[in-house]
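Structure assessment
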Amino acid sequence: MPREPMIAPSLLSADFARLADESHRVADADWLHFDVMDAHFVPNLTFGLPVMKAVQAVSPVPLDCHLMIENPERWAPGYAEAGARNVTVHAEACDDPRAVARDLRAAGALAGLALKPGTPLEDYLDVLPDFDTLLVMTVEPGFGGQEFIAEVLPKVRRARELVDTGHLRLFVEVDGGINADTIERAAGAGADVFVAGSAVFGADDPAKAIAALRSRAAAATAG
Ligand code: DX5
Ligand code: ZN
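Residues numbered from 1 in each chain as written. Chains lettered and ligands numbered in written order. Predicted model: local features only at pLDDT ≥ 70, side-chain atom pairs only at ≥ 80, totals over all residues. Heavy atoms only, no water.

As for the coordination of the zinc ion (ligand 2)
What counts here: Shown as donors are all N, O and S atoms within 2.8 Å of a metal ion, widened to 3.2 Å for Na, K and Ca; because water is not in the atom set, sites may appear incomplete. Put simply, DSSP marks the helices as runs of H or I at least four residues long and the strands as runs of E at least two long, and each gets a number from the N terminus on. Exposure categories follow from relative accessible area, calculated using a 1.4 Å probe and restricted to protein chains: below 20% of the type maximum is buried, above 50% is exposed, and the middle band is partly exposed.
Around the zinc ion (ligand 2), the protein contributes the donor atoms His33 (NE2), Asp35 (OD), His66 (ND1) and Asp175 (OD), at 2.1 to 2.3 Å from the metal centre. Motif for the zinc ion (ligand 2), donor spacing along one chain: H-x1-D-x30-H-x108-D. One end of the pair, Asp35, is in strand β2 (residues 32–37); the other, Asp175, is in strand β7 (residues 171–175), with 140 residues separating them in the sequence. Assessed through its relative accessible area of 4%, Asp35 is described here as buried.

Laid out in structure tokens, this is it:
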């Protein structure tokens, strides 16, 4: 069964003064990636729940919220209640990832767990059955426009194996440095959701960039 690659443009690289227009420029994406940063878990600050609600109200694309924040137990369910399709919290920031997953699902969202490049998958194998998405960071979280870290690909490969052998049932999402040159490697390793910030919003024609990424990922998956 060929996997359908999903493309999730990251609003982090959009024009923050025109978020409604920017969400419409990527209307044919699968998810709209919304990077929440709190200047504590990562050394950068972006936007939070009030801005998410404003975007959610106008976006033609379902929201994929990536919470790079401390204490996600307290804040994550609000994003699910506001209507996000998927809400991802960082494993490194959670005391009890299972409890967060339960709250997110109860609020009607998919539950995602994110791992920084240096965080081993093995440490979280026991909680992953409670999640719908595994977000493998392919850069250090905090900033857009960084270079893809190919050393993380074995983690993507291992996650894909666990899904293909029926041990896990989740989307394998990659985030950071994904562009026309790197997406084939990520897709070949087994990712099925691809976050791309600068590669989409930095392009003259974001719709074209999405289509190109999708076809490159599909070709790498089929091969
Ligand atoms: C980084 C964010 C990413 C970022 C990706 O911490 O989680 O989602 O927007 O940007 P690019 O695609 O430019 O690496
Ligand atoms: Zn992200």
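Quick word on the nonpolar core
As a reminder, the rule being used: We define a nonpolar core as any set of buried Ala, Val, Leu, Ile, Met, Phe, Trp, Tyr and Cys residues linked to one another through side-chain atoms lying within 4.5 Å. Any two residues whose heavy atoms approach within 4.5 Å are treated as being in contact.
Within the largest apolar cluster, 63 residues are counted, with the highest numbers of intra-cluster contacts made by Phe34, Leu67, Val87 and Phe194. Element by element, the count of residues in this core is highest for helix α5 (residues 153–164), at five residues. With sequence-adjacent residues up to four places away left out, Phe194 is seen in contact with Pro5, Met6, Ile7, Ala8, Val174, Ile178, Ile183, Ala186, Ala187 and Ala217. Counting residues in each nonpolar core, the second largest holds six residues, with Leu12, Met37, Phe41 and Val42 among its members.

Remarks on helix α3 (residues 72–81)
Along α3, the residues that are buried comprise Pro72, Ala76, Pro77, Gly78, Tyr79 and Ala80. Summarising the contacts, the buried residues of α3 are in contact with β2, α2 (49–58), β3 (63–68), β4 (86–90) and α4 (97–106). Two residues or fewer past α3, Gly83 is found with a positive phi of approximately 110°.

Here's the deal with the sheet that holds strand β6 (residues 133–137)
Note the following rule: In this scheme, strands are said to pair when DSSP sees at least two bridges between them. Fitted lines through C-alpha atoms give the axes, limited to the stretch in contact for helices. The angle between two N-to-C directions lies from 0 to 180 degrees.
Pairing is parallel in the open sheet, where eight strands are placed in the order β1-β8-β7-β6-β5-β4-β3-β2. Two strands in the sheet have a free side with no partner beyond their single neighbour: β1 (6–9) and β2. The mean inter-strand angle of the sheet, taken between neighbouring strand axes irrespective of direction, is 25°. Of the strand pairs in this sheet, β1 and strand β8 (residues 193–196) are connected by four bridges, and their pairing is parallel. Across the sheet, Ile7 pairs through a bridge with Phe194, a residue of β8.

So, unusual backbone geometry
Unlike most non-glycine residues, Ala39 shows phi in positive territory, near 65°. Looking at the secondary structure, you find Ala39 in the loop between β2 and α2. Residue Ala39 is classed as partly exposed on the basis of its relative accessible area of 41%. The backbone phi angle of Asn71 is positive, close to 55°, even though this residue is not glycine. In this fold, Asn71 is placed in the loop between β3 and α3.

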